[in-house]
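# Topology and contacts: notes
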Amino acid sequence: MKRHEQTRDAGSAPLSSSTSSSSISHAAESRPTRSVWVGLGGIVENERLSWALWLVLLIAGVLARPYLPIDETRYVSVAWEMWHNGQWFVSTMNGTPYADKPVLLFWLIHAGWALFGVNDWWPKLVMPLVSLLGIWQLGRMARTLWPIALNQQVPTGEALASREQWIRLSRWTLAGCLMWMLYSQALMFDVLLTSCLLGALRPWCSPQGDVSMARRDVLESGLWLGLALLAKGPVALLWFVLVVGSRPWWAQAPARQVLAVEWRGWLGSLLLGLGVLCLWLVPAVLDGPASYVQDLLWGQTANRVMEAQDHARPLWWYLPWLALLIFPFSLRPRLLVEGLLSSISQRPDHEHPLLRMCRVWSLAGLAVFSLISGKQIHYLMPLLVPMSLLMAWAALRQPAARTSLRLLAMLCGALAASSLVLGVLVMPALTLLPADSALVASTSGSLACVLAGGLLMLLMLWLWPWHEAEAVSLAIQLNAQRRLVLGSLLLVTCLLTLTLRPLWPRLDQGLLAQWVNARQQAGQQVAVVANDYQATYQFLGRLTQPLDTVSRSPQQLSDWQHAHPDGWLLIDAAKCLALDGSSFQGRDPLLGMQSWCQTHTAGSVAIGSSSPLDSTPVFHQGRHQLIAIPAQALGSRLHDKEGA
């Protein structure tokens, strides 16, 4: 028996008595006279225009900065190598198989390149568009979760209005969380994973649990689960099992009945998802080396779970970050507190299933990922979904976000003052700092900081709730939520595109990548010394050959010099100068390398000036400097010494 759509329209939220359908129109007709700044807030009263502004701000933020090392440059380079080699199933990084991530993100990049040609801007647009997909998926999930009414005496019309209001609030809450905003502008995998997971979980979010799942819903869940597996691997199964496997505890029907009715659907979705994964996995097994698939499906996941070599952190590490992850809604702590407590304080037989589901999802997910050895903030991205649903539920029962708007406005004012000070006082003083400073002192950087300060001051005036009505109405609640989200995104965009503009030239690896490309075009080999090279320059320089990686071993350096007498070595200048000279013996290559650094670092010319490429350049990576050393600078080879 299929689930009927009319069951989804019977529910409502426990709103206060002042909330009614007539209050919406009354509030719209009797708005008090506002100042010009509040008048500008009318832009948020249009839902479509607000979402268009949200997407434009995301795209503006990501296009205004370069690809950031090492993550973004690595992933776009992996996509470039697959594209250049015509290899669609086995990903490579600097010429070697790359088993850390599956291929869905790389395929999305390839799709854009197939339509528009290889370019720098399309990979930056992938995540904002995927983020918009995730927001739409959340709305579909929220609509599925709403069918049961807590108060059956509420009129049907008001129940429908409350449900639609909750759906919109849920979408804006997820869109406004700081972690979602930041990673929607980053070329990484977690927003993509969350968007696919929402599609896989949506059919299983009906609170009923006592009717069989329609075949099309099982098909939809399995297809999205397969895409989630292609997005980030086995971790998608963990989230799927965590939510769907807990249905007997949060669905409305008895646990035994849920298991008896739904287990075939669960198995069907799981098998279909694995089948979608095999569409890529089987060709990868046939084309790739034996270790590639093993590392992809088990090695890198097991290492993160059991004993992480990277990002190993203590059990409690996630807890201090939670308030920052949901900013600016951490300025409204009652939302999350009331959302959780409302699902804990009620008796299980009266508790709304969506509250139970969100509680299991958020608390169990946090506990499971806290037990995993490897921890990164973005691993918790799917937790934003239940937290957004809970906070939107609580927002229906509270007044509009006037206090949080004031706090955000005051934060904008403080950051505006900081930007003005940075542009007027600090940036001019940066000319006195060493050349390896992380910031680039320039007139344009100073102007950008001053402009950011002015825009943030205007944003503060726009956010301040000058004459907000005290009545609780759906329209006022939603407009305040939109203003809070768009204000936060405007704040983040101003900081990233203007205030931090002096930082971006030090992180832009494009000029170094072009230098490497010029050397390769001249038939010269380039090697990276004593560095875990992550294919940083492959895409930015459109490189067609991998770079060598060598250690600081004198014998290995000598062998490389013998093989490539006209080659170049890239090494961190500070590490080169810090080498222990007392350990050098005879004509040690390390001695020649250090001597070259000492002679040319101070007088070298950074790439970006009018100097020719044959000069000795220094490339900046944040506070680090890479210097290019010709192979001849290593002195006589050890082979020559041994022959004499």
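Everything numeric in this text was worked out from a predicted model, so none of it was measured. Think of each chain on its own: its residues are numbered from 1, step by step along the sequence as written. Two thresholds apply to this predicted model, a pLDDT of at least 70 for residue-level local features and 80 or more for giving and counting side-chain atom pairs, whereas whole-chain, interface and lining totals are computed over all residues. Based on all heavy atoms of the structure, the side-chain values leave hydrogens and waters out of the count.

### Some words on the packing of aromatic side chains
Here is the rule: rings of Phe, Tyr and Trp (six-membered ring for Trp) pair when centre to centre is within 6.5 Å. Planes less than 30 degrees apart are stacked, more than 60 are edge-to-face, and the remainder are tilted. For the structure shown, the criterion picks out 19 aromatic pairs. Taking 5.4 Å as the distance between ring centres and 85° as the angle between the ring planes, the aromatic pair formed by Trp 51 and Trp 54 counts as edge-to-face. Taken as a pair, Trp 51 and Trp 54 lie in helix H3 (residues 47-63) at a separation of three residues, close to a single helical turn. Under the relative-accessibility criterion, Trp 54 is labelled buried at 0%. Strands here mean DSSP runs of E at least two residues long; helices mean DSSP runs of H or I at least four residues long; both are numbered from the N terminus. Buried means the residue's accessible area, taken with a 1.4 Å probe over protein chains only, is under 20% of the maximum for its type, while exposed means over 50%, and partly exposed covers the values in between.

### What to know about the nonpolar core
Joining through side-chain atoms within 4.5 Å is the link that ties buried Ala, Val, Leu, Ile, Met, Phe, Trp, Tyr and Cys residues into a set, and such a set is a nonpolar core. With 160 residues, the main nonpolar core has Trp 54, Trp 166 and Leu 389 as its most contacted residues. Broken down by element, the residue count for this core peaks at twelve residues, all from helix H21 (residues 474-499). Once residues lying within four places of it in the same chain are set aside, the contact partners of Trp 166 are Ala 142, Leu 145, Trp 146, Leu 354, Leu 389, Ala 392, Trp 393 and Leu 396. Grouped together as the second largest cluster of nonpolar side chains are 19 residues, Ala 573, Cys 576, Cys 597 and Ile 629 included. Any two residues having at least one pair of non-hydrogen atoms within 4.5 Å are treated as being in contact.

### Focus on the pairing of strand E3 (residues 526-529)
Residues of E3 alternate between two faces, with Val 526 and Val 528 on one and Ala 527 and Val 529 on the opposite face, all of them buried. Between any two strands, at least two bridges found by DSSP are needed for them to pair. In the sheet, E3 pairs with strand E5 (residues 568-572) via three bridges, with the strands oriented parallel. Directly across from Val 528, in E5, lies its bridge partner Leu 570. Alignment of E3 against strand E4 (residues 548-550), held across three bridges, turns out to be parallel. Residue pairing for E4: Ala 527 is matched across the bridge by Asp 548.

### Considerations on the packing of helix H5 (residues 104-116) against helix H6 (residues 122-145)
It is at 9 Å that the axes of H5 and H6 come closest, and there the two elements cross at 120°. In terms of axis orientation, H5 runs oblique to H6. Read as a crossing pair, H5 and H6 show a hand that is right-handed. Note on element contacts: H6 touches H5 through Trp 122, Pro 123, Val 126, Met 127 and Val 130, opposite Leu 105, Leu 108, Ile 109, Gly 112, Trp 113 and Phe 116. Charged means Asp, Glu, Lys or Arg here, nonpolar means Ala, Val, Leu, Ile, Met, Phe, Trp, Tyr, Cys or Pro, and polar covers whatever is left, Gly included. Tallied by class, residues from the contact of H5 with H6 come to ten nonpolar, one polar and no charged. To get an axis, fit a line to the C-alpha atoms, keeping to the stretch in contact for a helix; angles then go from 0 to 180 degrees between the N-to-C directions. An angle below 35 degrees is treated as roughly parallel, one above 145 as roughly antiparallel, one from 65 to 115 as roughly perpendicular, and anything else as oblique. In a left-handed crossing the near helix is turned counterclockwise from the far helix by less than a right angle, and in a right-handed crossing that turn is clockwise.

### Observations regarding unusual backbone geometry
A cis amide bond links Pro 69 to the next residue, Ile 70, at an omega of 5°. Omega for the bond connecting Phe 327 with Pro 328 falls within 30 degrees of zero, at 10°, which places this linkage in the cis form. Even without being glycine, Asn 94 reaches a positive phi, approximately 55°. Within the secondary structure, Asn 94 sits in the loop between strand E1 (92-93) and strand E2 (96-97).

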